[in-house]
Amino acid sequence: MAETRNSKRKIAVVTSCRADWGLLHGVVKELQCREDAEVAVIATNMHLHTAFGNTVNEIIADGIEVTARVPMLADSHVASHMETAHAASRCLGGMAEAFNNLQPDIVLLLGDRYEMLPVATAATIMRIPIAHIAGGEISEGAFDDNIRHALTKLSALHFTATEDYRRRVIQMGEDPSRVFNFGALGVENLMALPDEATVEELEEFTGIRIGADTLLVTYHPATLDREASPAERCKALLAALDDHPQSPVLFTYPNNDPGGTEIISLITEYAACNRDRCSVIPSLGRRRYLSTLKHIGAVVGNSSSGIVEVPSAHIPTVDIGIRQRGRTAAESVIHCGDTSKEISDAISFALSKEGREKARRADNPYMKPDTARNIADSLVTFPLSTLSTKRFYDLPLQ
């Protein structure tokens, strides 16, 4: 790609779900404030599906134009590995068209979702440099782990969340001059939430009591778990919640990986049988989600947010099973197995005086100042001409 076609650098930001938009939002806002940047937001996957809350509307509600939409899901939920693969193929073709129409100078991707692999493939074939957020991390229980590392090798500019992750990206052969540790966007979002939702607002929206014993539960399929199905694992979690009838439970939807449909059915049925204390919300949205963290007792499940952002709210996280195994974690994160007893015991500790105090004192290894601003600055100022080709960076021999 040319350095720029005019005085502004055109940056395409691809977002596929509520989770990554909650993180990318700050970078987009920073770029919009710059006279030397033009932002094109491309929405795909769960953003465009009614079953997952049509969260593209959250982008619009933030006052940000959605420049292009790339549908990739069938009318039904993604329920199998085959349908997931077909959805990825639809994403590849749609992204190629979007990039051809928009002609961006650089593409910004975040994380490890399967749909980001066809996005990166399209950009690579069309010779558009890729900047990647959150490389170098580990989540051994999901195929996201492999996808994240593949995205690292397809990308030319890297923004990691810790110094250990930065070193790991370099270990994968990436030039150190292109790898920056700027911290995690989600932590910055939580610490600088400008318009916090009140408890009353949250209770009206969710229909349950929000308090120091409330549990926020988000449970995703662990796609590399070969010992039990996502449904079986979820049933163990629900049995554990039965051991804590005093705790209101706020469920949010899992992602649309294989097995997610079954989890949605199970949590919906469970909430219907426990209407006095349970609610299922497909997506809380960034503001309500971050606000909720400031008023509840603990987060339960296997979401990366429980590892990365939640410790900065100084509440415990119960991290279940293998999905997030390998990630750097604060002392407030309680790792447990998949059985109902292990989960129940972990919840008991999270809600105990000792568990709360441990979370209150915990430092978050993902926190650094000015994360969004530093990413935006690099996207606009890093010389594009140096990103057109990559050489494998060999570590010195020991």
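Provided above is the structure to which this section pertains.
Here we summarise the structure given alongside this text. (Residues numbered from 1 in each chain as written. Predicted model: local features only at pLDDT ≥ 70, side-chain atom pairs only at ≥ 80, totals over all residues. Heavy atoms only, no water.)

A word on the sheet that holds strand β2 (residues 37–44)
Taken in spatial order, the seven strands make up an open sheet running β3-β2-β1-β4-β5-β6-β7, and their pairing is parallel. Every interior strand has two partners, whereas the edge strands, β3 (66–70) and β7 (179–181), have only one. Averaged over all pairs of adjacent strands, the angle between strand axes in this sheet comes to 20°, irrespective of strand direction. Sheet analysis places strand β5 (residues 130–133) next to strand β6 (residues 157–160), joined by three bridges and oriented parallel. By the bridge assignment, Ile133 is partnered in β6 with Phe159. Where helix α6 (residues 163–171) meets the sheet, its contacts fall on β6 and β7, and the angle it forms with β7 comes to roughly 170°. (Pairing = 2+ DSSP bridges. Helix = DSSP H or I, 4+ residues; strand = E, 2+ residues; numbered from the N terminus. Axes fitted to C-alpha atoms, helices over the stretch in contact; angles between N-to-C directions. Contact = heavy atoms within 4.5 Å.)

Digging into the pattern of salt bridges
Proximity of charged atoms lets side chains of opposite charge pair with each other. Tallied over the full model, the rule gives 26 salt bridges. Close ionic contact of Arg148 with Asp145 constitutes a salt bridge, the shortest N to O distance being 2.9 Å. Of this pair, Arg148 and Asp145 both sit in helix α5 (residues 144–154), three residues apart, which is roughly one turn of the helix. Exposure remark for Arg148: the relative accessible area of 0% places this residue in the buried category. Of the charged contacts, one joins Asp345 and Lys341 as a salt bridge, the two residues approaching to 2.7 Å between their closest N and O atoms. (Salt bridge = Lys/Arg side-chain N within 4 Å of Asp/Glu carboxyl O. Buried < 20%, exposed > 50% of the residue type's maximum accessible area, 1.4 Å probe, protein only.)

Considerations on the pairing of strand β8 (residues 215–218)
Burial along β8 is two-sided: Leu215 and Val217 facing one way and Leu216 and Thr218 facing the other are all buried. Sheet topology places β8 next to strand β9 (residues 249–252); three bridges connect them, and they run parallel. Across the sheet, residue Val217 finds its bridge partner in β9, namely Phe251. Handedness of the crossover joining β8 and β9 through helix α9 (residues 230–242) is recorded here as right-handed. By the bridge criterion, four bridges tie β8 to strand β11 (residues 298–301) in an arrangement that is parallel. Bridged to Val217 within β11 is Val300. (Right-handed = clockwise from strand over helix to strand, strands pointing away.)

With respect to empty space enclosed by the protein
Under the defined criterion, the tally for this structure stands at four cavities of 30 Å³ or more. Of the volumes computed, that of the second largest cavity is approximately 50 Å³. Lining the second largest cavity are Thr218, Val299, Val300, Gly301, Asn302, Ser303, Gly306, Thr317, Val318 and Asp319. When residues of the lining of the second largest cavity are traced back to their parent elements, those giving at least two are β11 and β12 (317–320). By residue class, the composition of the lining of the second largest cavity is three nonpolar, six polar and one charged. (1 Å grid on protein atoms, 1.4 Å probe; cavity = no way out; pocket = protein on both sides within 12 Å on 5 of 7 lines; lining within 4 Å. Points joined across faces, edges and corners; volume = space filled by probe spheres on them. Nonpolar A, V, L, I, M, F, W, Y, C, P; charged D, E, K, R; others polar.)

Looking at the packing of aromatic side chains
The relation between two aromatic rings is expressed through the spacing of the ring centres and the mutual angle of the planes. Following the criterion strictly, the structure yields six aromatic pairs and no others. Arranged with centres 6.0 Å apart and planes meeting at 45°, the rings of Tyr165 and Tyr366 form a pair that is tilted. With Tyr165 in helix α6 and Tyr366 in the loop between α14 (353–361) and α15 (371–381), this residue pair connects regions lying 201 residues apart in the sequence. The pair formed by Tyr165 and Tyr366 is uniform in burial state, with each residue classed as buried. Ring pairs connect the aromatic residues Phe159, Phe180, Phe182 and Phe382, which therefore count as one cluster. For the cation-ring pair, Arg288 lies above Phe205, with the distance from its terminal atom to the ring centre recorded as 3.7 Å. (Phe/Tyr/Trp six-rings, centres within 6.5 Å; stacked < 30°, edge-to-face > 60°. Lys NZ or Arg CZ within 6 Å of the ring centre and 35° of its normal.)

Remarks on the sheet that holds β9
In space, the six strands of this open sheet follow the order β10-β9-β8-β11-β12-β13, with parallel pairing throughout. Each edge of the open sheet carries a strand with a single partner, namely β10 (278–281) and β13 (333–336). The mean inter-strand angle of the sheet, taken between neighbouring strand axes irrespective of direction, is 20°. Examined bridge by bridge, β11 and β12 share three bridges and lie parallel to one another. Paired with Gly301 across the bridge in β12 is Asp319. Sheet strands in contact with helix α10 (residues 260–273) are β9 and β10, and its direction is about 145° off that of β10.

Worth remembering: the numbers are spatial, not functional.
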